[in-house]
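This is what each chain is made of:
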Amino acid sequence: MNKDGWRAFSGQRRFAMFKNNRSMPADTVLIVEDDVFISMDAADSVSRVGVNVVTAETVSDALDILETEEISVAILDFQVRDGAVTPVVDRLRQRGIPFRIVSGSPLAEIADKGIPAGLCAQKPADYVKILISLISERPWTALRPSH
């Protein structure tokens with residue numbers, strides 16, 4: 001613990017620094033991308049910020065992850081191996097989880113599926129900047145410790 005009462009935690013999962021010896025798991029980012037090289041690059045980039053990363057290559061796998069993991073934000077390619085990620089977007093919206101689409105697909109095609117252009121970025125993208133924009137949408141009051 002440092003002189004200000006903060007303690008850093010580490011282990012199997014990354015943990016945020018929290019005052020008075022209280023720990024909280026770091027946010028977990030879901031990345032849905034079927035190109036293994038882009039997925040690895042995106043995961044490496046955002047994990048350097050100090051978040052956990054879970055990746056999926058298919059809509060099916062992403063939906064399974066959403067059932068088993070506590071996801072904070074998501075970064076999705078629009079077209080993956082088993083189709084458009086619209087079912088994942090629907091689930092994220094139901095749960096109030098912020099997301100962004102990063103895709104090579106035309107923005108008009110994505111907008112036709114009900115996803116506003118403001119939530120989309122064209123490839124290649126800076127995944128750290130995208131993560132920062134997502135973090136700004138998080139309901140941080142839910143992360144505060146109860147007194």
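Once a new chain begins, its residue numbering starts again from 1 and follows that chain's sequence as written. Restriction of local features to residues with pLDDT of at least 70 applies here, the model being predicted, together with a cutoff of 80 or more for giving and counting side-chain atom pairs; totals for whole chains, interfaces and linings are based on all residues. The side-chain quantities take in all heavy atoms of the structure and omit both hydrogens and water.

Topic: unusual backbone geometry
Move 1: For the peptide bond that leads from lysine 123 to proline 124, omega is -5°, which places it in the cis range.
Move 2: Following the sequence through the fold, proline 124 ends up in the loop between strand 11 (120–122) and helix 5 (127–135). Strands are runs of DSSP state E lasting at least two residues, helices are runs of H or I lasting at least four, and both sets are numbered from the N terminus onward.

Comments concerning the nonpolar core
Move 1: Residues Leu30, Leu76, Val85, Val88 and Ile101 are the most contacted members of the largest nonpolar core, which totals 25 residues.
Move 2: Elements represented by at least two residues in this core include exactly strand 5 (28–32), strand 6 (52–56), helix 2 (59–68), strand 7 (73–76), helix 3 (86–95) and strand 10 (99–103).
Move 3: Here this core gets five residues from one element, more than from any other, and that element is helix 2.
Move 4: We call two residues in contact whenever any of their non-hydrogen atoms come within 4.5 Å of each other. Apart from the residues lying within four places of it in its own chain, the contact partners of leucine 30 are Val54, Ala56, Ala62, Ile65, Leu66, Ile71, Val73, Ala74 and Ile75. Remark: nonpolar core denotes a set of buried residues (Ala, Val, Leu, Ile, Met, Phe, Trp, Tyr, Cys) joined through side-chain atoms within 4.5 Å. We call a residue buried when its accessible area falls under 20% of the maximum for its residue type, exposed when it is over 50%, and partly exposed in between, using a 1.4 Å probe and counting protein chains only.

Focus on the sheet that holds strand 7
Move 1: For two strands to count as paired, DSSP must find a minimum of two bridges between them. One open sheet holds the five strands; their spatial order is 6-5-7-10-11, and the pairing between them is parallel. For this open sheet the edge positions go to strand 6 and strand 11, each flanked by a neighbour on one side alone. The sheet shows a mean angle of 20° between the axes of neighbouring strands, taken without regard to direction.
Move 2: The pairing of strand 5 with strand 6 spans five bridges and is classified as parallel. Counterpart to leucine 30 in the pairing with strand 6 is valine 54. Each axis is a line fitted through C-alpha atoms, and for a helix only the stretch in contact is used; angles between axes span 0 to 180 degrees, taken between their N-to-C directions.

Side note on the packing of helix 1 (residues 36–47) against helix 5
Move 1: Where helix 1 meets helix 5, the axes come as close as 8 Å, and the angle between the chain directions of the two elements is 55°. The orientation of helix 1 relative to helix 5 falls into the category oblique. When the axes of helix 1 and helix 5 are compared, the crossing they make is right-handed. Of the residues in helix 5, those in contact with Ile38, Ala42, Ser45 and Val46 of helix 1 are Tyr127, Val128 and Leu131.
Move 2: Across the contact of helix 1 with helix 5, the residue classes tally to six nonpolar, one polar and no charged. Orientation categories follow fixed angle ranges, with anything under 35 degrees roughly parallel, anything over 145 roughly antiparallel, 65 to 115 roughly perpendicular, and all other angles oblique. Crossings are assigned a handedness: left-handed for a near helix turned anticlockwise from the far helix by less than a right angle, right-handed for a clockwise turn. In this classification, the charged set is Asp, Glu, Lys and Arg, the nonpolar set is Ala, Val, Leu, Ile, Met, Phe, Trp, Tyr, Cys and Pro, and all remaining amino acids, among them Gly, are polar.

So, helix 3
Move 1: Of all the positions in helix 3, only Val88, Val89 and Leu92 are classed as buried. Down the axis of helix 3, the buried set is contained in an arc of 100°. They therefore lie on one face.
Move 2: Structurally, helix 3 contributes buried residues whose contacts are with helix 2, strand 7 and strand 10.
Move 3: Taken from the residues just after helix 3, glycine 96 is the one with a positive phi, measuring 70°. Arc, as used here, means the arc of the directions from the helix axis to the C-beta atoms.

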